[in-house]
Amino acid sequence: MNVQFKKGVLEICVLSVLAHKDCYGYELVNEISKRIDISEGTIYPLLRRLKDDGFVTTYLQESVEGPPRKYYRLTESGRTKEHDQKEEWMQFASSVNELLEGVANAEE
Amino acid sequence: MQKNEQEYLAILRTRLSGTLPQENLDDILSDYAEHFRIGKSKGRSEEDLYTSLGSPEEVAREIKATYMVTKAEETRSCGNILHAVLSTIGLGLFNLVFVLVPFIVLVILLGLIFLAGVMFSVMGPVMFVFALLPILGISSFDFWFSPAAGLFFSIGITSFGILMIIGDYYLARTFYYLGIRYLKWNINVIKGTESIV
């Protein structure tokens, strides 16, 4: 798939994962790269932008396996953004799917 | 070049030091150090983690562009917006067309409006003097319009020139604001390429 295309949806993916639960960076990166093949390194700059814009906050939490980890949590405005973008995406995706299936059916 | 944690962090540090404030840079490096640390604790090799992270140069370019754009947003200045535009262009070949070209066109447009404004507001007073001369009896030139009309016309032209300069300023401010928003969106969407250093 076009890499250009994937980067644009990375933000909604990050927001969506964080809407389910708070994550530390590695965990979040893993959740996303399990499903989408991307340069994992670019997720951190994205998280930083989300934090600067007030959609995400961070906190440190002790872990059993070593030093404390930096966790990311959605803020109230982050939740709103996630909700809005998800809805937009769902509508867009279903329209594209309908269109593609329509074209496929017409070809048969 | 070895693909290990040290190398990854070193590339980030070299590319970003001098641009970002030290504490910002330390914070960024610690994120990647944590990524490597946790990855290794899950049994992955440094090389594997490095490869999955992708090019550190690309990450550095993106961080730099984000920082420059934020800076230009916080402090409005010609230098800041220029740096923001240049660092965003560095993100990919695409942006030569989608960032550089519109930027140059806008700068030329704003410059031309400003020049025209200056021209009118200089021309006005000059005309005013020339129109005033015959009225004061120090007649000199023969105008195709009456001196009285000349006075009104020159005042009109002067005001028009000043309005153009003021309008140009507000136009520049609007474009600045929209430009920042566009650059922010652009950074989120444009995938870095290896081809531009």
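Since the structure is predicted, the reported quantities are computational estimates derived from the model, not experimental observations.

About the cut-offs
- Residues numbered from 1 in each chain as written.
- Chains lettered and ligands numbered in written order.
- Predicted model: local features only at pLDDT ≥ 70, side-chain atom pairs only at ≥ 80, totals over all residues.
- Helix = DSSP H or I, 4+ residues; strand = E, 2+ residues; numbered from the N terminus.
- Rg over C-alpha atoms; globule rule 2.2 N^0.38 Å.
- Buried ≥ 20, exposed ≤ 12 C-beta atoms within 10 Å, placed from the backbone.
- Contact = placed C-beta atoms within 7 Å.
- Nonpolar A, V, L, I, M, F, W, Y, C, P; charged D, E, K, R; others polar.
- Pairing = 2+ DSSP bridges.
- Axes fitted to C-alpha atoms, helices over the stretch in contact; angles between N-to-C directions.
- Left-handed = near helix turned anticlockwise from the far one by under 90°.
- Core = buried A, V, L, I, M, F, W, Y, C linked by C-beta atoms within 7 Å.
- pLDDT = per-residue confidence, 0-100.
- Parallel < 35°, antiparallel > 145°, perpendicular 65-115°, else oblique.
- Expected span 1.5 Å × (residues − 1).
- Arc of directions from axis to C-beta.

### Some words on the overall build of chain A
Across its full length, chain A carries four helices and three strands. Starting at the N terminus and walking to the C terminus, you meet the elements of chain A as α-β-α-α-β-β-α. A compact globule built from 108 residues should have a C-alpha radius of gyration of about 13 Å, whereas chain A, at 17 Å, is more than 25% larger. Here the C-alpha coordinates of chain A stretch approximately 60 × 25 × 20 Å along the principal axes. Burial status across chain A gives 30% buried among its 108 residues. Pairs at least 24 apart in sequence give 46% of the contacts found in chain A among residues at least 6 apart.

### Re the overall build of chain B
Scanning chain B from N- to C-terminus turns up seven helices and zero strands. Radius of gyration (C-alpha) of chain B: 28 Å, far over the 16 Å computed for a compact globule of 197 residues. Judged by the C-alpha coordinates and their principal axes, chain B covers about 95 × 30 × 25 Å. A burial count over chain B gives 28% of its 197 residues as buried.

### Some words on the interface of chain B and chain A
The interface is formed by 22 residues belonging to chain B together with 21 residues belonging to chain A. The dominant element in the side of chain B that touches chain A, judged by the number of residues it contributes, is helix α2 (residues 22–41) of chain B, at eight residues. Residue composition of the side of chain B that touches chain A, by class: seven nonpolar, nine polar and six charged.

### Describing the pairing of strand β3 (residues 66–74) of chain A
Residue and element names in this part refer to chain A. With two bridges joining them, strand β1 (residues 23–24) and β3 adopt antiparallel strand pairing. Of the residues in β3, the one forming a bridge with Y24 is Y71. A loop of two residues connects strand β2 (residues 56–63) with β3, the two strands running antiparallel in sequence.

### Focus on the packing of helix α1 (residues 5–16) of chain B against helix α4 (residues 56–74) of chain B
All names here are of chain B. Interhelical geometry of α1 versus α4 gives an angle of 35 degrees and a closest axis separation of 9 Å. Considering only the axes of α1 and α4, their crossing is right-handed. Across the interface between the two elements, Y8, I11, L12, R15 and L16 from α1 touch P56, E57, V59, A60, I63 and K64 from α4. Taken together, the residues of the contact of α1 with α4 break down into eight nonpolar, no polar and three charged.

### What to know about the pairing of β2(A)
Across seven bridges, β2(A) lies against β3(A) in antiparallel orientation. Its bridge partner lying in β3(A), A:L60 is registered against A:K70.

### Some thoughts on the nonpolar core
By size, the foremost hydrophobic cluster in this structure holds 47 residues, and its most contacted members are A:V14, A:L18 and A:L47. Top element by residues in this core is α4(B). It accounts for eight residues. With sequence-adjacent residues up to four places away left out, A:L47 is seen in contact with A:V14, A:V56 and A:Y72.

### Section: the sheet that holds β1(A)
Pairing is antiparallel in the open sheet, where three strands are placed in the order β1-β3-β2 (chain A). Both outer strands of the open sheet, β1 and β2 of chain A, are each paired with one neighbouring strand and no more.

### Brief notes about the environment of A:Y72
Residues and elements named next belong to chain A. Inspection of the secondary structure puts Y72 in strand β3. The class for Y72 is buried, based on 21 C-beta atoms found within 10 Å. Linking Y72 and T58, residues 14 residues apart in sequence, is a C-alpha distance of 4.6 Å. Other than its neighbours up to four places away in sequence, Y72 contacts L18, D22, C23, L28, L47, V56 and T58.

### Points about the confidence of the model for chain B
Residue and element names in this part refer to chain B. Averaged over all residues, the pLDDT of chain B equals 90, while 93% of them reach at least 70. Ranking the elements of chain B by mean pLDDT puts helix α6 (residues 94–135) last with 92 and α1 first with 96. Across the interfaces of the predicted complex, the ipTM metric reaches 0.87, alongside a pTM of 0.83.

### Let's talk about the packing of α6(B) against helix α7 (residues 147–189) of chain B
Residue and element names in this part refer to chain B. At a minimum axis separation of 7 Å, α6 and α7 run at an interaxial angle of 165 degrees. Taken together, the axes of α6 and α7 lie roughly antiparallel to each other. When you trace α6 past α7, the crossing you get is left-handed. Among the residues making up the contact of α6 with α7, the classes are represented as 29 nonpolar, nine polar and one charged.

### Some details on α1(B)
All names here are of chain B. In this model α1 runs 17 Å from its N-terminal to its C-terminal C-alpha over 12 residues, within 8% of the 16 Å that 1.5 Å per residue would give. Along α1, the positions that sit buried rather than exposed are E5, Y8, L12 and L16. All buried residues of α1 fall inside an arc of 75 degrees around its axis, so they share one side. The exposed set on the far side of α1, more than 90 degrees from its buried face, consists of Q6 and T14. Buried residues along α1 sit in contact with α2, α3 (46–53) and α4. Trailing α1 by a residue or two, G18 shows a phi angle of about 95 degrees, which is positive.

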